[in-house]
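Overview (structure and organization)
Spelled out from the first residue to the last, the chains are:
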Amino acid sequence: MSEQLKCIVEHLNKDPFKKNFNLITFDSLEPMQLLQILNDVLAEVDPKQAIDIREEMPDQTAKRMFTLLGMFKYKPPGNSPDLSSFRQGLVTGSKPVIHPILYWLLLRITELKKRAYLARFLVKLEVPAEFLQDDVITETYHQYEELVEGFKSYHKECEQLKSSGFSTAEIRKDIGAMEEEKDQLIKRVERLKNRVESVSNHQRMLDMARQLRVEKEREDSLGQQKQDQKNQLFQAEQRLQRSQQQLKDLRKAAADAKPESLMKRLEEEIKFNSYMVSDKLPKELEGKRRMVQYLRKVVGEPAMGQAELRELEEKIREVNVEVNHLIEERMMRNDPMDDKLSLFRQQASIITRKKESKAEELQEAREELAALERELSQKNSQARDLDGDEVIRGDEFKRFVGKLRSKGTVYKKKRQEITELRAEYGVLQRTEEVLKQRHDIGQKQLQSTEAQKGISGYSHTQEELERVSAIKSELDEMKGRSLDDMSEMVKKLNSTIVEKRTALAPILKELRSLRQQSQEITQEYEEKKVQYDSCAAGLESNRSKLEQEVRALREEMTQEETRYHYINCMKDIIEMQMQRAADEMKAYVSPDPQERRKTIREQYMKNIAEQESLGKKLREQQKTVKESHGPNMKQVKMWRDLEQLMECKRQCFQRAQSQASIGQVIQEGGEDRLVL
């Protein structure tokens, strides 16, 4: 309780309350002051509750607080009195009632604010049934319910957006950047328009550019469609390969198999599937449903505090103690018949668990086999895509291994050469470093000598002058050569241009006529293309209709073939049954007793007689057991009493022996004497 008061005082001293309480001052508050503090906390959760309780009737205050606590799904502590006492304590401001409420509210202010906000829109108005008979009120109420549902969906979307990680600052920043980019693009478009307007036929060129862009987009979409169709074709080929492989496996399995083995395999599969459908899967489904119901129940419950969790743990401990006590009582009874039945139950449970484990292992093995088959088909398809052929086997693999070995020897030789070159490179690098060190030492000695002579920097200046003079001479030579080359190149270009103009003059004349012919041919091509497209569309529609008809006829043919084979199989089965019935009748009416014994009727009659005689014997045994049960139980009880009697005698004898070891009792003349 003191921890609860500390927590309440700590929360009330913080923002936004700032009450500046301590444990003594808070514990000495009057009931009216406690109610006012409770009302202030409720006002922090729901601003509509911010009123002075002195201006309100006590019953109204209690009703308002009681309604709000019910909306918040507050549950009084487990050791609290009934509902009327709780209401009375809330009216009078009782500390045992107010303190737990304050503790519960202050720990959940953020959650309760959200719940109070949602309650403003989700708590439906109660409309009497007689008012709902009016059409206007009914329509308005339906609109109100639709708005409530819309608010639920919008609020859920808002919460998802809040939890998705997007922040408004980042979104505003992105919007600002996009607006700046938009302004830059608008300015760029304006500049390009100004540049284009000065060009002749700019409108025609813009139209052609627009058509080019449209055609490029169409080309991209067609390329995407082509890629999708290739993927679909690849998937269809994979399905076809899997189907062909399955068909091959089935034919291979059916080639050397007998009808008995096939029927046995089918019966095993039917048994396994029936077990999965009737036993295993319903149990798993029922377990999943119970788990879902349990989780829904847990989700529907309000958030529990530490006190409620402790109460639940205490209840769990009590139930465990009670269960252990019941188990001990059952073990104390120890009925022999129950022991036998428990043995059978244990065996049945063990067999059931083994059956379930084997079924799970079989299911896992089937799934693993299917996954391996899919992986094998994927590997084969990948190998075909890479090499264009199937996976290599046999002699080809041996040749491939030989080539790989020869390449391995070559690789080892090259690797050895690389190591030798690296070693030589290291030696050369070390030599370079030594020479650089020597050069640096010589430079330092030269600089010290120049400093002693008073001409420091002379060698460096001399080297720079020589280098600059060499560069200048090279540039002068390059300039002279470049000027001569440029003059010769200009002459050659002029002569070449004149020659090309003279040569191109007749070609340009022919080109003008050819351009005109090209435009006419292009126009004719467009017209023919339109005609071709319309004709191709008509033929394509006819072809699709014919394909549908062919597909329907093929399906009908397969159904008729299946029906034909089914009728033939049923005919063979009926003929076999009729033949068996004829043989049975022939053997039954035969005068030979040996033939009669072979009939199914005689065998069944013999089995019935044996079972009846066995049942008669078992009934006689049951009768004798029932008759001897009472005397036998009485005899068992007598033996137990005899065993207890002998145990008492043994204990008495042991006591007498222990007393004899201490001393001897002598009885004389009605007196007992102990001699040590």
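Right, let's walk through the structure included here. Predicted model, so just to flag it, every value in this text is computed and none were measured.

1. Some thoughts on the overall build of the protein
When its secondary structure is counted, the protein shows 17 helices and 2 strands. Put simply, the protein has 676 residues, and 11% of those count as buried. Restricting to contacts in the protein with at least 6 residues of sequence separation, those with at least 24 account for 53%. Carbon and sulfur atoms make up 57% of the accessible area of the protein, which amounts to about 58700 Å² in all.

2. Considerations on the nonpolar core
Among the nonpolar cores identified, the biggest contains 33 residues, and L12, F26, L38, F72, I101, L102 and L105 are the most heavily contacted of them. In contact with F72, other than residues within four places in its own chain, are L42, V45, W104, L105, L112, R115 and A116.

3. Notes on helix 8 (residues 135-163)
A rise of 1.5 Å per residue sets the reference length of helix 8, with its 29 residues, at 42 Å; its end C-alpha atoms lie 42 Å apart and thus fit the reference within 8%. Of the positions making up helix 8, those classed as buried are Y141, V148, G150, F151 and H155. Tucked into the core, helix 8 has its buried residues touching helix 7 (109-122).

4. Some remarks on the pattern of salt bridges
Two side chains carrying opposite charge are able to pair once their charged atoms lie near each other. All told, the structure shown has 13 salt bridges when counted by the stated rule. In this structure, E217 engages R213 in a salt bridge whose closest nitrogen and oxygen atoms are separated by 3.5 Å. Separated by 4 residues within a single helix, E217 and R213 lie in helix 10 (residues 202-255), roughly one turn from each other. What makes E217 partly exposed here is its relative accessible area of 46%.

5. Comments concerning a nonpolar patch on the surface
Residues Y566, I567, M570, I573, I574 and M578 make up a contiguous nonpolar surface patch of roughly 580 Å² in combined accessible area. Structurally, Y566 can be placed in helix 15 (residues 458-588). On the basis of relative accessibility, which here comes to 53%, the residue Y566 falls in the exposed class.

6. Re the packing of helix 4 (residues 58-71) against helix 5 (residues 83-92)
Close contact between helix 4 and helix 5 brings their axes to 9 Å; oriented N to C, the two are set at 120 degrees. Accordingly, the angle class assigned to the pair helix 4 and helix 5 is oblique. Classified by chirality, the crossing of helix 5 by helix 4 is right-handed. Every residue of helix 5 that contacts helix 4 at P58, A62, M65 and F66 is listed here: L83, F86, R87, L90 and V91. By residue class, the composition of the contact of helix 4 with helix 5 is 8 nonpolar, no polar and 1 charged.

7. With respect to helix 5
Helical geometry note: an α-helix holds 3.6 residues per turn, so side chains three or four residues apart project in the same direction. Restricting attention to buried positions, one finds in helix 5 the residues F86, G89 and L90. Projected onto a plane normal to the axis of helix 5, the buried residues spread over an arc of 100 degrees and lie on a single side. G93 occupies a position one or two residues after helix 5 and carries a positive phi of about 75 degrees.

8. Comments concerning the packing of helix 3 (residues 31-45) against helix 6 (residues 95-106)
For the pair helix 3 and helix 6, the least separation of the axes is 11 Å and the interaxial angle reads 20 degrees. Viewed along their axes, helix 3 and helix 6 adopt a mutual orientation that is roughly parallel. Here helix 3 runs over helix 6; the crossing is left-handed. For the pair formed by helix 3 and helix 6, the contact residues are L34, L35, I37, L38, V41 and L42 on the first element and K95, I98, H99, I101, L102, L105 and L106 on the second. Classifying every residue of the contact of helix 3 with helix 6 gives 11 nonpolar, 1 polar and 1 charged.

9. With respect to the side chain of N39
You can see N39 is positioned in helix 3. Residues contacting N39, with those up to four places away along its chain left out, are Q49, I51, I53, R64 and M65.

10. Quick word on the state of the cysteines
In this structure the tally under the stated criterion is 0 disulfides. Considering cysteine sulfurs only, C648 is the nearest to C652, which forms no disulfide, with 6.6 Å between them.

How each quantity is defined
Residues numbered from 1 in each chain as written. Predicted model: local features only at pLDDT ≥ 70, side-chain atom pairs only at ≥ 80, totals over all residues. Heavy atoms only, no water. Helix = DSSP H or I, 4+ residues; strand = E, 2+ residues; numbered from the N terminus. Buried < 20%, exposed > 50% of the residue type's maximum accessible area, 1.4 Å probe, protein only. Contact = heavy atoms within 4.5 Å. Areas by Shrake-Rupley, 256 points an atom, 1.4 Å probe, with all protein chains shown as cover. Core = buried A, V, L, I, M, F, W, Y, C linked by side-chain atoms within 4.5 Å. Expected span 1.5 Å × (residues − 1). Salt bridge = Lys/Arg side-chain N within 4 Å of Asp/Glu carboxyl O. Patch = residues over 30% accessible without salt bridge, like charges linked within 9 Å, V, L, I, M, F, W, Y side chains within 5 Å. Axes fitted to C-alpha atoms, helices over the stretch in contact; angles between N-to-C directions. Parallel < 35°, antiparallel > 145°, perpendicular 65-115°, else oblique. Left-handed = near helix turned anticlockwise from the far one by under 90°. Nonpolar A, V, L, I, M, F, W, Y, C, P; charged D, E, K, R; others polar. Arc of directions from axis to C-beta. Disulfide = S-S within 2.5 Å.

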